Amino acid sequence: MTKYFFVIAFIITLSLPRYVHAQDVKLDEIKFVDIDYGANEEGEEAYVEVYDPLEGMNRLFFDFNDMVHVYLLRPVSIFYKDYTPGFFQSTVRNVTQNIMTPITILNALLQGDIKKTDESFGRFFVNSTIGLGGIFDVASEIGLPKHDEDFGQTLGYYGVEAGPYIVLPILGPSTLRDRLAGGVDSSVGLYNHIDANYSGRLFGLGTVDFYSRQVGMLDKMKETSIDYYASIRSFYLQNREGAVKNRLSR
Amino acid sequence: MLAYRLFFVFALFAFSTTALAERDLSAESYVDAIGKKYITALTNPASSYAKRSDKFDEALRNHFNMNRMGKLALGRYWRQLDESKREEYISAFNNFIKASYTIRFSEYPTASYQIVASKVLKGDDVLVATMIKSEKLNNPVRIDWRLSKKSGEFKVTDVIIEGVSMIVSQRSEFSSIIQKNGGNISALIDLLKEKAQTVNG
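Residues numbered from 1 in each chain as written. Chains lettered and ligands numbered in written order. Predicted model: local features only at pLDDT ≥ 70, side-chain atom pairs only at ≥ 80, totals over all residues. Heavy atoms only, no water.

Caption draft 1: A look at the pairing of strand β1 (residues 112-120) of chain B. By the bridge criterion, eight bridges tie β1 of chain B to strand β2 (residues 126-133) of chain B in an arrangement that is antiparallel. Of the residues in β2 of chain B, the one forming a bridge with Val120 of chain B is Val126 of chain B. (Pairing = 2+ DSSP bridges. Helix = DSSP H or I, 4+ residues; strand = E, 2+ residues; numbered from the N terminus.)

Structural data, given as structure tokens:
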């Protein structure tokens, strides 16, 4: 046992220097999108952004989910945020993120993204060992950036269209592609992983933690939107598209 | 483990060739100037709503091309408005954006930013990418600023936060409202006015 400990410690020590400057953003990694506002200076054509043939049903489930949020998830999350210790919260967050890392590793690999695979593997390795199973996010401390890749993004990377926007009760917003892909991710194990800004994660402590950090912004969006449903839909689809095209911060 | 390390030594070589993107340094310094002037004032939790709202108004007037933004946000419906309706819409759009984003800013923590890249697009618009960092944020947030030249000067025409364009989002919301009202654009204008008022009230 002691022998293994030293071997692992040695390997970790070897690995660290390689990661120290990983945080510096390099110019060639920044991807941009030239949004096509739709030949629109004089409004030549409609800008087609959303494919939402199930809008009627979606709005129904969206309202239902909003009620679940208002009466259940929101109060629980606010209690969690205000009354549980900070260390408990960071543990919940770090452990759930660590558990999900293999999904990122696998999908970064499937997309042939060596750098993300490498860094995510490094994260998983460092946090599972020195980070005591993910309780401490040591990887971030040494400058190993977090990434998020799931099977929906992999399919998108290889050209599979998102398909119709679908809101399901409890599970929240998604698209046909991502909903089907979610099954593959959860068979990799561990977690139903759909992580746009507005999450459709399954209920659990991870959900509460995630929601507790979004609740303020969601409240404000609801308050300042003239069509909350359309607002969230646009938000979700754009953010997802950015994730597929690797244009986000992680 | 050795194979793993060797693999990455190889990968490191493979990816060390850097293709330099086309940057626009004057656009970057323009964004930097806005950032220096406003980021603290807008995200300072100590300052009041009225103060932040004034600051934001000042930023919008000096650095944003609100006419163009309003036009883009309305999309194809713009053409259906006559001159006086256009003015009415742009003014309602202005107040709506000011009110709703001042509220949203109050959720943003005090942060620092870093300009990481820029790119000149077709038609001379420039995108400037910034990373926002804060102790309160788990991960850095990427914000892109789309600049276009108006009588020789840069003005902001879109803000893209983690892939979410302000113009695209507003347009999506606006067209949803117009469609719900059977193509009546005045219904949207009324709603914008109403919302700006309730949010301010």
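Caption draft 2: Representation of the environment of Ala46 of chain B. Note that Ala46 of chain B resides in the loop between α2 (25-43) and α3 (49-63). Here the alpha-carbon distance between Ala46 of chain B and Ala33 of chain B, two residues 13 residues apart in the chain, equals 23 Å.

Caption draft 3: Expanded view of the packing of aromatic side chains. Applying the stated criterion across every chain, the model contains 14 aromatic pairs over all chains. Relative to Phe154 of chain B, the ring of Tyr30 of chain B lies with its centre 6.0 Å away and its plane at 45°, an arrangement referred to as tilted. With Tyr30 of chain B in helix α2 and Phe154 of chain B in strand β4 (residues 153-161), this residue pair connects regions lying 124 residues apart in the sequence. Grouping residues by exposure puts Tyr30 of chain B and Phe154 of chain B together as buried. Joined through ring pairs, the aromatic side chains of Phe62, Tyr165, Tyr228, Tyr229 and Tyr236 of chain A make up one cluster. Positioned above the aromatic ring of Tyr101 of chain B is the side chain of Arg104 of chain B, whose terminal nitrogen or guanidinium carbon lies 5.0 Å from the ring centre. Against the face of Phe154 of chain B rests Lys149 of chain B, its NZ or CZ located 4.7 Å from the ring centre. (Phe/Tyr/Trp six-rings, centres within 6.5 Å; stacked < 30°, edge-to-face > 60°. Buried < 20%, exposed > 50% of the residue type's maximum accessible area, 1.4 Å probe, protein only. Lys NZ or Arg CZ within 6 Å of the ring centre and 35° of its normal.)

Caption draft 4: Structural detail: empty space enclosed by the protein. In this structure the tally under the stated criterion is three cavities of 30 Å³ or more. Roughly 70 Å³ of volume is contained in the second largest cavity. For the second largest cavity, the full set of lining residues is Lys31, Phe32, Val33 and Arg247 of chain A together with Arg142, Asp144, Ile160, Glu162 and Gly163 of chain B. Per-class residue counts for the lining of the second largest cavity are three nonpolar, one polar and five charged. (1 Å grid on protein atoms, 1.4 Å probe; cavity = no way out; pocket = protein on both sides within 12 Å on 5 of 7 lines; lining within 4 Å. Points joined across faces, edges and corners; volume = space filled by probe spheres on them. Nonpolar A, V, L, I, M, F, W, Y, C, P; charged D, E, K, R; others polar.)

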